[in-house]
Structure formats: C-alpha cells, structure tokens
Amino acid sequence: MTKALDEVGIGGIGASRKRVEDSRFIRGQGRYTDDIVLPGMLHMEILRSPMAHARIKSIDTSRAWEIPGVHLVLTGEMAATRNLAWMPTLSYDTQAVLATDKVRFQGQEVACVVADDPYIAKDACDAIDVEYEPLPVVVNPEQALAEDAPVIRDDKAGQDGNVVYHWEVGDKTGTDRAFASADRISKLRLHYPRSHPSPIECCASVADYDRATQKLTVYMTTQAPHIVRAAVAMIAELPEHMIRIVSPDIGGGFGNKVPVYPGYVCSILCSILLERPVKWIEDKSGNLISTGFARDMYLDSELALREDGKILGVRIHADADHGAFFADAQPSKFKIGLLHSAFACYDIPAAHLTARGVYTNKAPGGVAYRCSFRVTEAMFFQERMVHQAAKDLGIDPAEFRRRNFVRADQFPYRTPFGFLVDSGQPEKCLDVGLKAIGYEDFLKRKEEARKRGRLLGIGISTMTEPLGAGNSREYDILGIKMFDSAELRVHLTGKALLRVGTKSQGQGHETTWAQIVSHELGIPAEDVTVEEGDTDTAPFGMGTYASRSTPVGGAAISMVSRKIRAKARKLAAHLLEVSEEDVEWELGRFYVRGVPDRGVTIQECAMAAYSNMPDGMEPGLENHAYYDPPNLTWPFAVYIATVEVDPESGVWDVLNLVAVDDCGVRINPMIVEGQIMGGLTEAYAMSNMQFITFDEEGNCVGSNYMDYLLPTAWETPGFELHSEVVTPSPHHPIGAKGIGECAAVGGPAAFVNAVMDALDGTGVRNIDMPLLPDRVWQALRTGRDVSGVPPVRTDD
C-alpha cells in the first residue's frame, strides 16, 4: 500500500505546469528596470562616438552645461579624477568607461549627461562638441595582424600589436601522425559572423547612492547580480556589503546582460556625485551598435580521413575578433571559451586546436549568446566540417556520422581535448530523426526534383553541448568559483520560500524551481514561492547564462530540499514515536516501516519544527546548500532540416525541421518545448536573415531592424519536436542536463548544411552566414564560395 502523492498532480517533475510568471506578464504587470521610479530621480544619456578609430583632440561641454535642467556633464577626464575612466573586464582586460585618449569603435561612450528628463539629456548630448582626429581602422583579424596595422590598444603597457592571446589544447604530435597516415584530408575555411543577442529590453540601470547610510542600491538588467556586485565593489571602491544589486524582471538576456557595461558604471558614478538616483535606459541604436556581440570567429580546419569514412584526427585554428576590448564573460582558464568541446560526440583518436584573439575597431564581442561559452561556434564548425568531409569521401552524411559516433557503451567518454562526456545515445537520436524526416524518401525526391530543375537539400546537425560550468577545479570568473546556491524555508503552515542564486530572463524559474521542491518534498508547487535577483536576500550565486540554471542551480535546489527532508525525518520519528531508522519516505509523507497507514505529512513535520520539536533540536525547518558540480552535463541533439532553393533568386525555404533533443530528465516538458522552439527560431534567423557587419571605415552596417531581422511567426518555419530519447545525467541529483541553448547551438548548421546540400555538384563548398538570397544566387552563378568577412562595400 502507498499513499504517496501523485507527483504530476501536485506540479512536480514531469508536469507541464503553466508558467506562474505569465500571470503578471500578460497583464502588463511585470516590473522592469524602467518601471523603477524613485524620489528625486534624474535621467542619464550617453554620447557615443560616430567614428571607429580616432584621437580625441578636445571635448567642449560648455553648451551642454548651459541647457536648463542639466545637472551634470561627465567626461572621461572627470571620471579619471575618481579613477573611473577605465574599468576591469571579466576577462582580466581593461575597458574604457568614457574615452579619454581616443575612441576605438563606433558607438564607444565618450561622455554622458544627467538631466531632469531623458529628452533634455539627449539634447545636451547633441550640444557637446568633440573634435576627432581620424586614425586607420581595422575590422577583421587579417587587417589587425598586418605589419602596418595601427596598434588599437596603445593604452596598454607593452602592447606592440593587436594580439590579445595565443591558446592551444590537444595533442599536436599525435594529430600530426594521424594526418600523415590519412588517405584523404578535408579542409574548410569558415567565418561565423557577429550575432546580436537583441533582447526586447535593452540594458538599463537605476543607481541610488544614499549618503546618509553610504549604501549604494542599483536596479539593473543583469543576469548575474552577485558577480556585478563584486565588480562594482572593485570599480567604485565601496565595501561589498554596502552595495545592493537588484535585478527585477528582465526582458530577455541571451548572454547580453552578463557583462558590466560603461553605462552601468556611469550611472553609479553620477549618483554618487549628485547624491540622487540616476536612471539610464539604453536605446535600441546604442544597443545594436555598442553592446556585447557574439561570435565573430574565423576557422581554418582539417579532418584526417580514411577512405572507409573513419575520422583519424582533427586540426583546428581559430581567430577570434574581440573588438576593442577583451570583455568576454567566460571561465578564466579558457581564453577561447569551450571551443575545444568540438567533436565530443565523435570517437576521434587525436585532435589539436590553436586559437588567437585579436583587437579590432569594433564593439567588444564574444558574449555567450545563448550558448555555453563559444560552444555555438564549436558545434557549427564541427557540423559544417563533418558535412563537407562526408561529401569529399562520397559517403552519405548520416552514415558518415554513424560510423564516427561515440557508442552508447563507450560512455563516460574522454575526448581528445580532455573533456569527460558523461552519457548519451547519439545513434538512437539519429535514428529517430532520420525516421521522422523520412530520410530515404527525401533523398529520392531530391534526385527526382533535380531532374526538373528544382534544388532540394537536406542538412543534419548532431551536437552535444557541455553545460553547467562548472566544477571549482577548473571553472571560475574573476577567480570566483562557478558553484551555485539555494536557500529553502518551510513555514509552519507547510508553505515554502525558495531563494536561489540564479536569475531568470524568461526561462521560467519561478515555475520550474518550485517543481524541483515538489519532487523532493511533496509540497505542492503552488505552495512554493521563488525569489531571486536581489543580492540582499538571495544566496550568493553566479547567475544564469550558459545553461547553468538546471545543471547547477537546479541541483542546489535538490540538495537543499534533501537537507530539509533529512531534518523532517527526525521530526517525523519524534511525532511517530519510533526510531529514525524505522521511518520510511514516500512523496509527501513519512511512515513507519511495515505500517504504511501510520504516518505524518511533510506539512505536519513543518508544524512540529516550530511547535513540537524533540529535545535538543534547533527549531525551524530551513537550510541552504552550495552545489559544486562534479562534471559538466552533456545533452545531445539531432536537428535535420529540408529546404528548397530557388535557382533564379537564391531564396531558400524550409520544408521541414525535425528536432530530437536528449536533455536528460525534463522538469517541465512544456517549458522545454518552448525553449527548443525559441532556440530553433534563433538558429533559423542566424542562418537566414540576421545581417550585421562593418565597412572599411568601421561603420556598423545593418545596425537596425530593417537589416538585422528578428523573425516573427510569419517568417519562422514549423518545427517537429521529439522527446522519446532520455539519458539521465549520472551525476546530477535529478538526472537533468539542461536545454535552454541546445537548439540555438546546433540548429544553424542544419539549415546551412541543407542549403549546401541543395547546391551539391556546383563546386561551392561554403557560403558564410547569413545565407542571404544574393549570396546564394552569387554562389550558384559563379560556382565559388561566398565570404561574409568584413569590410563590406557600401558604395554600390
């Protein structure tokens, strides 16, 4: 006999519980940074450079000061008197808060104005006169590495060129041997262009320095409140306990809101100087031109192949364009992020990767835009290389993958780059995907269509993404280990308050975190309130990005819930008048071993924690937990796209997209499906329509939503999702692996491979994303690859 609660019925793991957050969002009752209004609040606007590289000869602010309603005009020279003209980045570099010597990218912050309202502040910014002396401009790594290239970071002692770092990993000697023994070598050069996270809400902050208490409170759009608090403490030279960072509702993050931006620092400094609250709301133009970009990586790759299709080795060189400052938010030890996670699902004997970072006259790039630290680039490069290698050998791309997959019985698997992949079923996922897409039938249709002049193509992308960075042995940011935390308080009525170090930007934490508590304790999810985003109340955590939430934050919730359950067991033994060893647990209640009818609920234990504790027990039912993961989690996915390309125009349409995601245990299946569909939509946009680049003068081309298109329901194709493959993580407390980024990481290659398959036989090996119709048409017309590397010409 069991009286265990129905877990799905109470909203536990596996329940497609509706998002509780949405009740306020759909009613327009969300509380965003711009909704914060404080007494005496002033407004700040930023003056940005129109030039990409220029010496600042003079800044005249006199006309701005004369405008009624202006309270402060701040320049870099003024900030320097407070040692705030420059700030450290999360990658141990320095970044200008306000330019003093020269500007290094178009859109760089030059000055700011604080006024009674934002319109006065904007007018005052326009009244500032800046005299610039133009300097040569660099917009790609080849230009940056040229002998006559200008030194962009001449502010740094000992910096005599534009190289940020050199980094390598793998076995060079073993890889050289593999290539020497290869029957064939497949080569490919690729550029993953800059992508813009483009959240609906831009960056924003409201800084409020109280001179009486000497406490600084900042309401801001940040995905990592505690990390920002630590950074602000270092920059503003205030004690950390006197800084409160509050991250209210966020209108999208996607990695964009992890870094510390100059606008945040300026609003804080202005509030300290004026002793009044100062609000800064970034506009769309400023966000598109200057905020943290993603990608912008160049790849030279080689695969050593046997004629039977076995991959013997992989050799990769990557150049990363970091823009004017090295401002990535990623683990300190890995200069190129986790790019070396490439080929983790393939059984390859030897691999070697070299990487180089360079400065250019562009906004700082490299943010983890819906990816786990450069894994999007890794999986795109991997799957484009695999697709081309299969074509070079004349082997079916699906069969080529199958011959090289890590088998299910090989896990845990150590990759040639040193990662330990915990689990997976790659072949099973591929089989499900091929059956769903009707692979063999489509290949026949493709050949029949080609005879009639129609170009059909099918593209496969198989990927595994390392999530949950990470264990404290290897992963930190600014020296802070990347663990996470949770605090749980069960009140005497049996209701619960959960506080977590993560920060949602739309992932549904208020819904899913309560479901984990329900799973562990049997408390209905509707009785669990979730709070996060306030450093005065939330336990220290590293925030939400790189799909860390469930692998690390979710695990911390499980662990703290189990601590609560352990104490509740002692209370149950006291109430049942038996020894603790005689108490059994089933969801929602404890009972006497062998006597299932004699038991107490978790709610009764909670009441006893405040009213009927055994002698010597501390009252209350609350605890906290810090979770340091033993390993990354490794979800696996297969994405298969079919397309048709119009040979007359280069326009391509998606016929079907099948997604098979093995993300371990799914906490809320409905939210998981929403995450996958959102990621696939972003993947489609990156591959098809999101165009942003630079011309020879460093002007940001496409920095508007006429060129950098955000797909609506009209443009977005339909997606067919499959969830029948489930491989629980062997080390995660509930077996979950994470899902938020997988489709955005693995999806782009499926679309690109499908278009390239349609162009098979034309001699074209690569078209750089986005695959705009004119690029596809040019490739069809010339039979040559089409590069998207800047600079672009704007005079034709």
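In short, a report on the structure. (Residues numbered from 1 in each chain as written. Predicted model: local features only at pLDDT ≥ 70, side-chain atom pairs only at ≥ 80, totals over all residues. Heavy atoms only, no water.)

### Details of the packing of aromatic side chains
Phase 1 of the analysis: Evaluated as defined, the whole model comprises 21 aromatic pairs.
Phase 2 of the analysis: With a centroid separation of 6.2 Å and an interplanar angle of 85 degrees, the aromatic rings of Trp86 and Phe325 are classed as edge-to-face. Of the two residues, Trp86 is situated in strand 4 (residues 86-88) and Phe325 in the loop between strand 16 (311-321) and strand 17 (350-358); the sequence distance between them amounts to 239 residues.
Phase 3 of the analysis: Since its relative accessible area comes to 0%, Phe325 is described here as buried.
Phase 4 of the analysis: Through a chain of ring-to-ring contacts, the aromatic side chains of Phe343, Tyr346, Phe405 and Phe636 assemble into a single cluster.
Phase 5 of the analysis: Of note, Arg315 hangs over the ring of Phe179, and the distance from its end group to the ring centre comes to 4.0 Å. (Phe/Tyr/Trp six-rings, centres within 6.5 Å; stacked < 30°, edge-to-face > 60°. Helix = DSSP H or I, 4+ residues; strand = E, 2+ residues; numbered from the N terminus. Buried < 20%, exposed > 50% of the residue type's maximum accessible area, 1.4 Å probe, protein only. Lys NZ or Arg CZ within 6 Å of the ring centre and 35° of its normal.)

### A word on the pattern of salt bridges
Phase 1 of the analysis: The final tally for this structure, using the stated rule, is 60 salt bridges.
Phase 2 of the analysis: The shortest N-O distance in the salt bridge between Arg24 and Glu510 comes to 2.8 Å. Of this pair, Arg24 sits in helix 1 (residues 22-25) while Glu510 is found in helix 14 (residues 509-521), placing the two residues 486 residues apart along the sequence.
Phase 3 of the analysis: Given the relative accessible area of 21%, Arg24 is considered partly exposed.
Phase 4 of the analysis: The network of salt bridges with shared partners includes Arg55, Asp93, Asp101, Lys102, Arg104, Arg153, Asp154, Asp155 and Lys156. (Salt bridge = Lys/Arg side-chain N within 4 Å of Asp/Glu carboxyl O.)

### Looking at unusual backbone geometry
Phase 1 of the analysis: Geometrically, the link from Phe411 to Pro412 is a cis peptide bond, its omega value of -5 degrees lying close to zero.
Phase 2 of the analysis: Along the chain, Pro412 turns up in the loop between helix 11 (397-404) and strand 18 (413-414).
Phase 3 of the analysis: Each neighbour pair has its own omega, and for Pro790 with Pro791 the value is 10 degrees, a cis peptide bond.
Phase 4 of the analysis: Of note, Pro791 is situated in the segment after helix 19 (773-782).
Phase 5 of the analysis: One non-glycine residue with positive phi stands out, namely Tyr92, at about 65 degrees.
Phase 6 of the analysis: Relative to the helices and strands, Tyr92 resides in the loop between strand 4 and strand 5 (94-96).
Phase 7 of the analysis: The phi torsion at Glu577 lies on the positive side, around 60 degrees, for a residue other than glycine.

### Here we look at the sheet that holds strand 31 (residues 652-662)
Phase 1 of the analysis: With respect to topology, 4 strands assemble into an open sheet ordered 20-30-31-34, the strand pairing being mixed. The sheet is open, and its two edges are formed by strand 20 (455-464) and strand 34 (720-722), each paired on a single side. This sheet shows a mean twist of 15 degrees between the axes of neighbouring strands, independent of strand direction.
Phase 2 of the analysis: One ladder, built from 10 bridges, connects strand 20 with strand 30 (residues 636-645); its direction is antiparallel. Residue pairing for strand 30: Leu455 is matched across the bridge by Val645. (Pairing = 2+ DSSP bridges. Axes fitted to C-alpha atoms, helices over the stretch in contact; angles between N-to-C directions.)

### Focus: the nonpolar core
Phase 1 of the analysis: By size, the foremost hydrophobic cluster in this structure holds 133 residues, and its most contacted members are Phe343 and Trp652.
Phase 2 of the analysis: Here this core takes 11 residues from helix 18 (residues 742-758), the largest share from any one element.
Phase 3 of the analysis: Beyond its immediate stretch of four places on either side in the chain, Trp652 contacts Val643, Glu644, Val645, Tyr684, Ser687, Asn688, Phe751, Val755, Leu771 and Val776.
Phase 4 of the analysis: Judged by nonpolar contacts, the second largest core, of 44 residues, contains Ile602, Leu621, Ala625 and Ile667. (Core = buried A, V, L, I, M, F, W, Y, C linked by side-chain atoms within 4.5 Å. Contact = heavy atoms within 4.5 Å.)

Function cannot be inferred from these measures alone, as they are strictly geometric.
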